[in-house]
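Each chain, written out:
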Amino acid sequence: MSWFLKFLTSSIGQKLIMSLTGLFLITFLVVHLAGNLQLLANDQGESFNTYAYFMTNNPFIKTTSYGLYFFILLHTIQGIALAIKNRGAKGSKYAVSSNAKTSSSGTKMALLGTLILAFLCIHMGDFWFKMKFTDTLAMVSYDGVDMQVKDLYSRVSLAFSNPILVVVYVIGQIVLAMHLWHGFQSAFQTLGLNHRKYTPAIHFLGKAYAILIPLGFVIIPLAHFFSK
Amino acid sequence: MKLTLKVWRQNGANEPGRFETHQVEADEHMSFLEMMDVLNEGLLAEKKTPIAFEHDCREGICGSCNMVINGRPHGPNSGTTTCQLHMRYFKDGETITIEPWRAKSFPIIKDLVVDRTSFDRIIQAGGYISVNTGQAQDGNSIAIEKDLAGQAFDAATCIGCGACVAACPNGSAMLFTAAKIAHLGLLPQGEVEHKTRVQSMVNQMDEEGFGACSNTAACEADCPKEISITNIAMMNRAYMGSVLGSQK
Ligand code: HEM
Ligand code: FES
């Protein structure tokens, strides 16, 4: 086996993959939220739809998005592989389970991750797939722009009039928050970035991120649902 | 004090195991191991097989008195081994569940005794420094920063009991391996072989079938020597640095 492959398949290498892909996804979520908050603008979707047009047509963004799909897949496959390997390494379970002061969500990462994946399938099937591969979206044009863009805004707004979907989004974001509550600081520890001076700040930032980002996302379906 | 013990009995790695319930009359001044001795004397008097458990120093330094007591390796108190645990921490009439370390790489030999030679092999892979014998150099001629010596010493308090593996939901030996790597690598004598040592010890750890680290810090919470997971971060950094940055 080449030294590099051996490195990536070692227990530390596998975690390095989780950490780097996880941090990439963490960065992506900030950009994704910043863009999507335009769904709250009261302009019949002009800013959001032109932004969506830009995001689906700009070659740089398009290339990055292939990286994103790849990293989600890599994070998922590696995460599930680790969970299976780790369960095997434990072998049997204790009759009495420990109540030690440990971060319990760390052991539930694979379950939370799988739920996130299920959410992503619903989420992407609803918007990304319809935007990219179907003609079900209406075309709109705005003053001063002599070009028609797909009206993703109305599609989103319509989707969020369905209470079931809104509940799915609320649950999805709670699950994401739980994944990040442990995951954010864990990614730094995996990289070996544990320092008496900075680790408390990383833990604080991680918890703030784990609350604020999912909260930001969840406001969007709630706002659309309740403004009807 | 009267206690009910639910103890794991198993004749070997591939034999089926089961819990056996016993009553024992103990004194609150006894250590946990003394309470186990009383139980075993009772079993012997009844011509039954005593419960196999490991012990040696009975003062918290050998790392052999390994049992999971009510779900916690070395029992409910932090920073103590089972031999240092006293019965006054339990209530009269309490039921105590006692299990062996559970991890694939620690197969059960009998009852509460597990085979921890996987740890020995990790040490053999690089947990030493190759100094030639001869005149010992004057200690004061090697300058070591006080903080560094402290860190190395903290890591060196690891007694290799395996509570970290027992506590870890992944059966990972990262805390043990990291403690050994830190205690040697932080000091000038051990630093010489640090890069190669990190690689060989981590490789051996993986080969033994221990799990990966999910950073749950369960190991740190149950380590009788309270060794910090900071050592694991240090090991990760050193391993990546060594594989990616050194010629080997
Ligand atoms: C936007 C979505 C996601 C983000 C931002 C994210 C982020 C993270 C981060 C930062 C970590 C910590 C890495 C480390 O401990 O070094 C992590 C761990 C993990 N993630 Fe995700 N993740 C996401 C989705 C998923 C999905 C879809 C799965 C699918 C199964 C998943 C499974 C896991 C698992 C199993 C771990 C723990 C690995 C371990 O410590 O053994 N994650 N995630
Ligand atoms: S018997 Fe030696 S540490 Fe407990």
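Above this text is the structure in question.
Keep in mind the model is a prediction, meaning the values are calculated, not measured. Residue indices begin from 1 for each chain and proceed along its sequence in written order. Chain labels run from A onward and ligand labels from 1 onward, assigned in the order the entries are written. Note on the predicted model: pLDDT of at least 70 is required for a residue's local features to be given, and 80 or more for side-chain atom pairs to be given and counted; whole-chain, interface and lining totals, by contrast, use all residues. Hydrogens and water molecules were not included; the side-chain quantities draw on all heavy atoms of the structure.

**Let's talk about the coordination of the iron atom of ligand 1**
All names here are of chain A.
(1) Moving on: Taken together, His75 (NE2) and His179 (NE2) make up the full set of protein donors to the iron atom of ligand 1, lying 2.0 Å away.
(2) Moving on: For the iron atom of ligand 1, the six donor atoms in the first shell make angles of 88 to 179° at the metal, a pattern classed as octahedral. Of this pair, His75 sits in helix 4 (residues 59-90) while His179 is found in helix 7 (residues 163-190), placing the two residues 104 residues apart along the sequence.
(3) Moving on: For the exposure calls, accessible area comes from a 1.4 Å probe over protein chains only, and a residue counts as buried if that area is under 20% of its type's maximum, exposed if over 50%, partly exposed in between. Judged by its relative accessible area of 13%, His179 is buried. Sodium, potassium and calcium take a 3.2 Å donor cutoff, other metals 2.8 Å, and in both cases only N, O and S atoms count; water is not among them, so sites may look incomplete. Sites are called tetrahedral only when four donors show all angles between 85 and 135 degrees, square planar or octahedral only when four or six donors show opposite pairs over 155 degrees and all other angles between 65 and 115, and irregular in any remaining case. By the criteria applied, helices consist of DSSP H or I runs no shorter than four residues and strands consist of E runs no shorter than two, each listed in order from the N terminus.

**Some points on the sheet that holds strand 5 (residues 95-99) of chain B**
All names here are of chain B.
(1) Moving on: The rule for pairing is simple: two strands pair if DSSP sees at least two bridges between them. Pairing is mixed across the open sheet formed by five strands, whose spatial order is 2-1-5-3-4. Edge positions in the sheet fall to strand 2 (18-25) and strand 4 (72-73), since each has one partner strand and no second.
(2) Moving on: Across four bridges, strand 1 (residues 2-9) lies against strand 5 in parallel orientation. The residue of strand 5 that forms the bridge with Lys6 is Thr97.
(3) Moving on: Any two residues having at least one pair of non-hydrogen atoms within 4.5 Å are treated as being in contact. Convention adopted: a line fitted to C-alpha atoms gives each axis, helices being fitted over their contacting stretch, and angles between N-to-C directions are expressed from 0 to 180 degrees. Set on the sheet, helix 1 (residues 32-45) makes contact with strand 1, strand 2, strand 3 (68-69) and strand 5; between it and strand 2 the angle comes to about 100°.

**Some words on the side chain of Lys90 of chain A**
(1) Moving on: With respect to the helices and strands, Lys90 of chain A occurs in helix 4.
(2) Moving on: For the buried Lys90 of chain A, which has no salt bridge, the nearest side chain bearing the opposite charge is Asp222 of chain B, at an N-O separation of 9.2 Å.
(3) Moving on: Side-chain polar atoms of Lys90 of chain A contact the backbone oxygen of Ala166 of chain B, separated by 2.9 Å. Positive charges are assigned to Lys and Arg, negative charges to Asp and Glu, while His and the chain termini are left out of the count. Salt bridge, as used here, is a side-chain nitrogen of Lys or Arg placed within 4 Å of a carboxyl oxygen of Asp or Glu. In protein, a polar contact requires one atom able to donate a hydrogen and another able to accept it; more generally it is a pair of N or O atoms within 3.5 Å, and residues adjacent in sequence count only if both atoms are side-chain atoms.

**Observations regarding the interface of chain B and chain A**
(1) Moving on: The interface of chain B with chain A comprises 47 residues on the first partner and 36 residues on the second.
(2) Moving on: Put simply, buried area is the surface a 1.4 Å probe can reach on two separate parts but cannot reach once they are joined, added for both. When residues of chain B are sorted by the area they lose upon contact with chain A, Arg102, Asn215 and Met240 of chain B head the list and together hold 18% of the total.
(3) Moving on: If you look at where chain B meets chain A, you find zero salt bridges.
(4) Moving on: The interface formed by chain B and chain A contains 21 residue pairs in polar contact (both at pLDDT 80 or more).
(5) Moving on: Every element with two or more residues in the side of chain B that touches chain A is listed here: strand 5, helix 4 (163-167), helix 7 (194-207), helix 8 (218-222) and helix 9 (230-245) of chain B.

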